[in-house]
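Chains, contacts and geometry: an overview
So the chains spell out like this:
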Amino acid sequence: MMAVPPLEDNVESLKPFFYPGSVAVIGASREEASIGYRLLESLQRSHFPGSIFPVNPHTTEIAGLRTFSSLCEIPSHVDLAIIVVPAGLVLSIIDDCVAKQVPAVILITAGFAETGGAGSSLEGQLRERIRRSRIRLIGPNCVGLMNLASAVRLNATYTPMVPPVGHVAIASESGGLGLAVVTAAQRLNLGLSSFVSLGNHVDVTVNDLLEYWEQDQHTQVILLYLETIIDPPRFRQNAARVGRCKPIIALKAGRTEAGRSAAGSHTAALATNDKAVDALFAQCGVIQAKTLEEFLSLATGLSNQPLPQGRRVGILTNSGGPGVLCADSCAAEGLLVPEFSKGTQSALASFLPLMAALRNPVDVIGFATEDQHARAVKTMLTSDELDALIIVHVSVRPKDNQPVAAGIVRGVRAARQTGHKQPVYLCWMAEDDLDRPFIVDGEVIPTYKHPEIPARIIRQALTYGTWRKQPAGHIPPYTNVDLVTAKEICTDALADRGPGWLTTQETHSLLRAMKVPLVPGSIATTPEEAVRLAQKIGFPVAVKLASHQIVHKTEMGAVQLNLGDDQAVRDAFNRIRTKLEQAGQLEAMEGVVVQPMLSDGVEVMVGMTRDPLFGHLIAFGLGGIHVEILGDVQFRIAPLTDRDATEMIRGIKGYRLLTGYRGQPPADLEALEETLLRVSRLVEEIPEISELDLNPIFALSEGQGCRIVDARIRVG
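Residues numbered from 1 in each chain as written. Predicted model: local features only at pLDDT ≥ 70, side-chain atom pairs only at ≥ 80, totals over all residues. Heavy atoms only, no water.

Points about the side chain of Gln-283
Locating Gln-283 in the fold gives a position in helix 9 (residues 273-284). The class for Gln-283 is buried, based on a relative accessible area of 9%. (Helix = DSSP H or I, 4+ residues; strand = E, 2+ residues; numbered from the N terminus. Buried < 20%, exposed > 50% of the residue type's maximum accessible area, 1.4 Å probe, protein only.)

Spelled out as structure tokens, the structure:
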């Protein structure tokens with residue numbers, strides 16, 4: 001992977017893209033339908049104040065501009081070159097850019113790795129040329145870049161559409177989808193600061209842009225459309241840092257194509273690329289959209305309104321049904337729709353119709369006037385009983401839309417003048433009036449078509465706000481571990497047998513080296529040895545097959561529980577041996593593990609599998625045989641911080657079982673967190689570990705720790 005320059009140098013190297021003094025369009029054309037012509041047109045229509053140099057050896061003038069036969073013929077310095085020549089000519093043009101000392105290149109041309117075969121080879125040559133030069137390159141196979149700052153007004157794309165100016169930056173790995181968002185911005189009153197189409201990201205990636213926009217005073221919200229994630233560790237570091245001050249909203253496509261089937265452990269069975277993406281975004285505070293509609297809704301909601309400070313939502317509507325749908329959505333998202341106090345209800349009753357519902361949702365009925373809407377909005381926002389307000393309007397008569405809109409604007413303005421800054425969201429259900437802007441002294445009220453949408457926006461904003469307020473986690477060093485022994489066990493096993501599961505003895509030794517809490521127990525290779533171990537441990541005991549070749553022992557009948565005397569242990573050993581002999585797998589038997597029976601505690605599991613893109617993916621969930629059925633598992637990417645471990649445990653649906661459910665004592669959560677963190681340290685330090693499954697782990701009561709009953713570790 002290419003070395004990453006220091007953050008300051010990286011930001012500085014991107015400035016010629018956004019603030020060029022001069023732009024050369026190589027491949028400019030007089031054909032109005034061509035991309036080369038459209039780029040010139042976009043630059044001119046956006047009133048770019050710098051110099052524009054068309055490059056075309058076959059003409060002397062295009063769109064009123066003098067053309068040059070080559071880049072090197074241009075007499076002055078060129079800050080940004082936009083290349084639209086055929087793919088076969090690109091490498092020679094890059095050589096010209098190097099000779100001309102052009103610092104930044106946008107390569108619009110397609111026909112590279114996206115086409116496979118020769119295109120992939122050509123892209124490899126392009127990448128090598130860029131690495132050897134000091135040039136920064138966006139593309140290939142992209143639609144260009146916009147910077148809407150008033151000082152530059154740069155539209156270096158082949159669309160003439162210029163969106164409203166604002167504080168939202170967009171990076172898109174799909175040119176078409178990026179342009180769709182840019183086009184929708186006008187309708188949504190979504191003001192943009194800049195837009196970048198990344199294409200095949202041969203050089204400049206989302207990671208570079210995050211670092212640039214972190215320093216950009218014109219950008220306050222960042223939108224990312226991603227089809228892959230380049231360098232996940234760097235993305236995690238950048239996004240976690242940038243997200244502390246600027247929300248990052250991401251729509252990730254291709255989430256299931258890397259899903260895979262079970263690979264021998266519960267963790268591998270449950271882990272997919274989809275889970276890894278969720279884990280990464282959760283760890284670095286990225287706000288994730290599942291659909292394009294949600295992506296745009298989050299963009300308008302978070303760019304135009306402050307973050308809510310709590311879960312209390314007020315709903316103002318002129319129709320009961322949509323108001324109820326909105327309230328249902330709030331409840332489904334974990335928000336509160338509290339009943340207003342008697343004082344607030346009395347204030348509303350003083351000016352609303354007699355039939356109005358006052359408790360929350362507030363239903364002003366279908367023909368409420370402009371003044372009634374204005375006073376209702378102000379009363380609700382100034383009641384100090386709400387953290388957010390959703391207004392739901394159903395168009396009863398088209399002629400009522402204008403006065404209702406005016407009343408909403410008046411009410412928000414009056415509340416803002418008293419210092420009340422709760423976010424306001426509007427559901428405008430008026431099919432003939434969908435594009436109406438709602439702007440209050442420069443503040444845009446985000447508008448949605450359906451009453452269910454604002455609740456999700458509020459919940460996402462709350463989750464992000466909570467993440468941002470919390471301190472960053474730290475990674476405990478755990479100096480009391482024996483990493484040398486642990487690594488030797490893995491490397492020796494690989495040298496002796498090649499990739500595969502560790503033996504039971506190797507697994508136990510490795511976990512003991514990491515000071516991970518195993519249930520006491522030993523391996524017996526004969527029935528009598530098993531009896532002696534059971535006598536030493538104390539009855540009742542469990543006897544289980546020890547084998548690194550047979551993974552799912554329960555299915556083989558190779559787990560015998562609650563054995564109360566010598567003969568029961570002896571019989572259990574013999575039954576297990578007979579089952580393997582009948583199955584023709586006796587050579588897989590290393591012996592049996594004899595352990596004390598555990599009857600108290602909640603069964604959980606900790607696992608790890610290695611994702612080819614994201615690295616070590618660690619899992620925590622309810623354990624035992626139910627883990628794959630219930631799928632109640634949280635994933636995070638190693639290395640884990642203490643905050644990650646806490647969130648994983650508290651994030652499962654079965655968390656209540658660990659807090660003392662129906663009179664049971666609460667579990668030792670600190671011990672579970674420490675187990676997760678020690679496993680994270682283990683797999684980070686020993687990359688030979690490719691899969692790990694600790695299941696079940698008995699979470700004992702507070703102060704009693706936890707105990708791993710069964711463990712499997714694979715190296716490769």
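Moving on from the coordinates now.
Things to note about the sheet that holds strand 1 (residues 22-26)
The strand order 2-1-5-6-7 describes an open sheet built from five strands, whose pairing is parallel. Each edge of the open sheet is held by one strand with a lone partner, namely strand 2 (51-55) and strand 7 (136-138). Ignoring which end each strand starts from, the neighbouring axes of this sheet average 20° apart. Both strand 6 (residues 104-107) and strand 7 contribute to a ladder of three bridges, which runs parallel. Counted as the bridge partner of Val-105 is Leu-137 from strand 7. Strands in contact with helix 3 (residues 90-100) are strand 1, strand 5 (80-83), strand 6 and strand 7; relative to strand 5, the strand with the most contacts, it is inclined by about 170°. (Pairing = 2+ DSSP bridges. Axes fitted to C-alpha atoms, helices over the stretch in contact; angles between N-to-C directions. Contact = heavy atoms within 4.5 Å.)

As for the environment of Phe-112
When you line up the elements, Phe-112 lands in the loop between strand 6 and helix 4 (118-132). Assessed through its relative accessible area of 0%, Phe-112 is described here as buried. Excluding anything up to four places from it in sequence, Phe-112 contacts Ala-87, Val-90, Leu-107, Gly-119, Ser-120, Leu-122, Glu-123, Leu-126, Pro-140 and Asn-200.

Some words on helix 19 (residues 566-582)
Compared with an ideal rise of 1.5 Å per residue, which puts 17 residues at 24 Å, helix 19 spans 25 Å between its outermost C-alpha atoms and is within 8% of the ideal. Where helix 19 is concerned, the buried positions are Val-569, Ala-572, Phe-573, Ile-576 and Leu-580. Viewed along the axis of helix 19, the buried residues span an arc of 95°, placing them on a single side of the element. Exposed residues on helix 19 whose side chains face more than 90 degrees from its buried face are Glu-581 and Gln-582. In the segment just after helix 19, Gly-584 is the residue with positive phi, at about 70°. (Expected span 1.5 Å × (residues − 1). Arc of directions from axis to C-beta.)

So, the sheet that holds strand 15 (residues 313-317)
In space, the five strands of this open sheet follow the order 16-15-17-18-21, with parallel pairing throughout. Each edge of the open sheet is held by one strand with a lone partner, namely strand 16 (362-363) and strand 21 (447-448). Bridge analysis of strand 18 (residues 424-429) against strand 21 gives two bridges, and the strand direction is parallel. Across the sheet, Cys-427 pairs through a bridge with Tyr-448, a residue of strand 21. Helix-sheet contacts for helix 14 (residues 401-417) involve strand 17 (388-394) and strand 18, and the interaxial angle to strand 18 is about 175°.

Concerning unusual backbone geometry
Pro-540 follows Phe-539 through a cis peptide bond whose omega is 0°. A cis amide bond, omega 5°, links Ala-638 with the succeeding residue Pro-639. Turning to its location among the elements, Pro-639 is positioned in the loop between strand 29 (633-637) and helix 21 (642-651). For Asp-384, which is not glycine, the phi dihedral falls at a positive 60°. With respect to the secondary-structure elements, Asp-384 resides in the loop between helix 13 (370-381) and strand 17. In the Ramachandran plot, Asn-562 falls in the positive-phi region, its phi being about 55° despite a non-glycine side chain. Along the polypeptide, Asn-562 turns up in strand 25 (residues 559-563). The exposed category is assigned to Asn-562, whose relative accessible area is 54%.

Structural notes on the layout of surface pockets
The computed volume of the largest pocket comes to approximately 920 Å³. Lining the largest pocket are 26 residues, with Asp-278, Ala-282, Thr-463, Gln-634 and Arg-636 sitting closest to its centre. Of all the elements in the fold, those that place two or more residues in the lining of the largest pocket are helix 9, strand 14 (287-289), helix 15 (453-469), strand 29 and helix 21. A per-element tally of the lining of the largest pocket places helix 15 first, with seven residues. Grouping the amino acids of the lining of the largest pocket by side-chain chemistry returns nine nonpolar, eight polar and nine charged. (1 Å grid on protein atoms, 1.4 Å probe; cavity = no way out; pocket = protein on both sides within 12 Å on 5 of 7 lines; lining within 4 Å. Points joined across faces, edges and corners; volume = space filled by probe spheres on them. Nonpolar A, V, L, I, M, F, W, Y, C, P; charged D, E, K, R; others polar.)

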